[in-house]
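# Reading the structure
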Amino acid sequence: MRVNAYAAPAAGRPLAPTTIERRDVGPDDVLIEITHAGICHSDIHTVNGDWGPQPFPVVPGHEIVGTVAEVGDEVTTHRVGDRVGVGCMVNSCGRCANCRNGDEQYCLNGMVGTYAATDRDGTTTQGGYSTHVVVDAGFVLRVPDGIDSAAAAPLLCAGITTYSPLRHWGAGPGTKVAVVGLGGLGHMGVKLAHAMGAEVTVLSQSLKKQEDGLRLGADSYFATSDPDTFTELAGRFDLVVNTVSAPIDVDAYLSLLAVGGALVNVGAPAEPLSLNVFSLIGGRRSYAGSMIGGIAETQEMLDFCAEHGIGAEVEVIAADAVNEAYERVLASDVRYRFVIETATLR
Ligand SMILES: [Zn+2]
Ligand SMILES: [Zn+2]
């Protein structure tokens, strides 16, 4: 079927309305009528060519919420009318050790990204800035009642990206967690860590968003531009989740960890980082990374959010405002996620 979409025609060019072809609904597929698509910073990096050549035209969007419009004959997990979501991946091999372990995002044969990737049938995937999408049922999540659709969309990337490391490294009652950066990812990290029962600190460049941070669930808020912050907080945290994609002074952040603590990057700077190994061995500390989460874990995150009344803080826009929204994301002028109301594409 031919559907309306917003696409980047070439690297660095503004997005424009277009139509794209969606595949026929196969026996294991779900056709989703999209209602909302979040704007992730990755969308901007991709269409700007920051991450290498892309199969233009590219329809971005991997924070998708919508309603099931049709299901294939073999699909038993979703029904027409269900509210569902799709995140950063739409397929994986399903057979490797990591897939079998529920870590489809780390598929040894390469997970299939929701857009600008080659699907297992050889076609190029196109994302959520569109009216409809056809996705393998195994990569379609249930959006529980109790979360607004617009607020749910960013959970599919920003939510799971922060939820997974918080869970993996044991954020909970009695633990001290710091979230570096209060943007799209960081604001979800604060909400989730707080709901898990951890003591939450925001480490932001300035105190500009302090009021917001405390409202979202942080117990304290420090400016990283103030050198006293690193002295005062030395050795304090069990877990530091760094959501910032700019290079950081790794040793300075490792010094904030308690014995056995972990510094986990979910932001990915383009340049290699260096660190002094003594920063690790002087406290049995770890420096790690984490990328989104598996499908089962993403469902667990959505259920957790519904149970705790958590959604993203969003600014809902029409599709024709997407280029302006990109400018504002690049200027850090969004609190905290833009979400496209895709009905404006119909
Ligand atoms: Zn994303
Ligand atoms: Zn696999």
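- In the annotation of an unreviewed UniProt entry, the chain is listed under the name alcohol dehydrogenase (NADP(+)) and assigned to Geodermatophilus obscurus.
- The record in UniProt for the chain states the following under Cofactor (unreviewed entry): "Zn(2+)".
- Under the Sequence similarities (unreviewed entry) heading, UniProt states for the chain: "Belongs to the zinc-containing alcohol dehydrogenase family."

## Focus on the packing of helix H4 (residues 158-168) against helix H5 (residues 184-196)
- Orientation of H4 relative to H5, taken along the N-to-C sense of each, is 45 degrees, at an axis distance of 8 Å. Judged by the inter-axis angle, H4 sits oblique to H5. Two packed elements cross with a definite hand, and for H4 against H5 that hand is right-handed. Mapping the contact onto sequence places Ala158, Gly159, Thr161, Thr162, Tyr163, Leu166 and Arg167 in H4 and Gly184, Leu185, Met188, Gly189, Leu192, Ala193 and Met196 in H5.
- Among the residues forming the contact of H4 with H5, the class breakdown is 8 nonpolar, 5 polar and 1 charged.

## Remarks on the coordination of the zinc ion (ligand 2)
- Only Cys93 (SG), Cys96 (SG), Cys99 (SG) and Cys107 (SG) from the protein reach the zinc ion (ligand 2) as donors, at distances of 2.3 to 2.4 Å.
- Coordination at the zinc ion (ligand 2) comes from 4 donor atoms whose angles at the metal span 104 to 119 degrees, giving a geometry best classed as tetrahedral.
- When the donor residues of the zinc ion (ligand 2) are listed from N- to C-terminus, their spacing reads C-x2-C-x2-C-x7-C.
- We classify Cys99 as buried; its relative accessible area is 7%.

## Some details on unusual backbone geometry
- Backbone torsion omega between Phe56 and Pro57 reads 0 degrees, so that peptide bond is classified as cis.
- Position of Pro57 relative to the elements: it lies in the loop between helix H1 (41-47) and strand E4 (64-71).
- That bond from Arg335 to Tyr336 is cis: its omega, -5 degrees, falls within 30 degrees of zero.
- With respect to the helices, strands and loops of the structure, Tyr336 is situated in the loop between helix H11 (322-330) and strand E17 (337-341).
- Of note, Ala116 is a non-glycine position whose phi angle comes to about 55 degrees, a positive value.
- A positive phi angle, close to 35 degrees, is found at Ile292, a residue other than glycine.

## Some thoughts on the domain arrangement of the chain
- Its domain assignment divides the chain into domain 1 (2-157 + 313-345) and domain 2 (158-289).
- Computed from C-alpha atoms alone, the centre-to-centre distance between domain 1 and domain 2 is 28 Å.
- Across the boundary between the two partners, domain 1 contributes 9 residues, which contact 15 residues of domain 2.
- Where domain 1 abuts domain 2, roughly 1100 Å² becomes buried across the two surfaces, and 46% of that area is made up of carbon and sulfur atoms.
- Here domain 1 is connected to domain 2 by 3 salt bridges.
- When the shortest N-O distance is used, the salt bridge between Glu313 and Lys191 registers 2.6 Å.

## What to know about the sheet that holds strand E10 (residues 176-180)
- Ordered by their spatial adjacency, 6 strands build an open sheet running E12-E11-E10-E13-E14-E15, and the pairing between neighbours is parallel. Looking at which strands have only one partner, the edges of the open sheet turn out to be strand E12 (220-223) and strand E15 (286-289). Taken over all neighbouring pairs, the strand axes of this sheet differ in orientation by 20 degrees on average, direction set aside.
- Sheet topology places strand E14 (residues 257-265) next to E15; 4 bridges connect them, and they run parallel.

## Focus on helix H10 (residues 295-308)
- In this model, H10 (14 residues) spans 20 Å end to end at C-alpha, consistent with the 20 Å of a helix rising 1.5 Å per residue.
- Along H10, the positions that sit buried rather than exposed are Ile295, Glu297, Thr298, Gln299, Met301, Leu302, Phe304 and Cys305.
- For H10, the elements touching its buried residues are strand E6 (89-91), strand E9 (141-142), H4 and H5.
- Directly beyond the C-terminal end of H10, a positive phi value near 65 degrees is found at Gly309.

## What to know about the coordination of the zinc ion (ligand 1)
- Within the protein, Cys40 (SG), His62 (NE2) and Cys157 (SG) serve as the donor atoms for the zinc ion (ligand 1), at 2.0 to 2.2 Å.
- By relative accessible area, which is 8% here, His62 ends up buried.

Cut-offs applied
Sequence order as written defines residue numbering, which begins from 1 separately in each chain. Ligands are numbered from 1 and chains lettered from A, in the order in which they are written. Only residues with pLDDT of at least 70 are given local features in this predicted model, and only at 80 or more are side-chain atom pairs given and counted; all residues enter the totals for whole chains, interfaces and linings. Computation of side-chain values: all heavy atoms of the structure, hydrogens and water removed. UniProt positions are given in the numbering used here, feature names are shortened, and annotations may be inferred rather than shown by experiment. Lines fitted to C-alpha atoms define the axes here, with helix axes fitted over just the stretch in contact, and angles between the N-to-C directions of these axes take values from 0 to 180 degrees. The helix count covers DSSP runs of H or I at least four residues long, the strand count covers runs of E at least two residues long, and both are numbered beginning at the N terminus. Throughout this description, any angle smaller than 35 degrees is read as roughly parallel, any larger than 145 degrees as roughly antiparallel, any in the 65 to 115 degree range as roughly perpendicular, and the remainder as oblique. Two helices that cross are described as forming a left-handed crossing if the nearer one is turned anticlockwise from the farther one by less than a right angle, and a right-handed crossing if clockwise. Working rule for contacts: check all heavy atoms of both residues, and any pair within 4.5 Å makes them a contact. Classes in brief: Ala, Val, Leu, Ile, Met, Phe, Trp, Tyr, Cys and Pro nonpolar; Asp, Glu, Lys and Arg charged; the others, Gly included, polar. Water is not among the atoms examined, so metal sites may look incomplete; donors are the N, O and S atoms within 2.8 Å of the metal, or within 3.2 Å for Na, K and Ca. Irregular is the default label, applied whenever a site is not tetrahedral (four donors, all angles between 85 and 135 degrees) and neither square planar nor octahedral (four or six donors, opposite donors over 155 degrees apart, all other angles between 65 and 115). Three exposure classes are used, based on accessible area relative to the maximum for each residue type with a 1.4 Å probe and protein chains only: buried under 20%, partly exposed in between, and exposed over 50%. Start and end positions for the domains come from either an automated domain assignment or a database one. Accessible-area loss on putting two parts together, using a 1.4 Å probe and summing over both, is the definition of buried area adopted here. Any Lys or Arg side-chain nitrogen located within 4 Å of an Asp or Glu carboxyl oxygen qualifies as a salt bridge. Strands are treated as partners if at least two bridges between them are detected by DSSP. Multiplying 1.5 Å by the residue count of a helix minus one yields the expected span of that helix.

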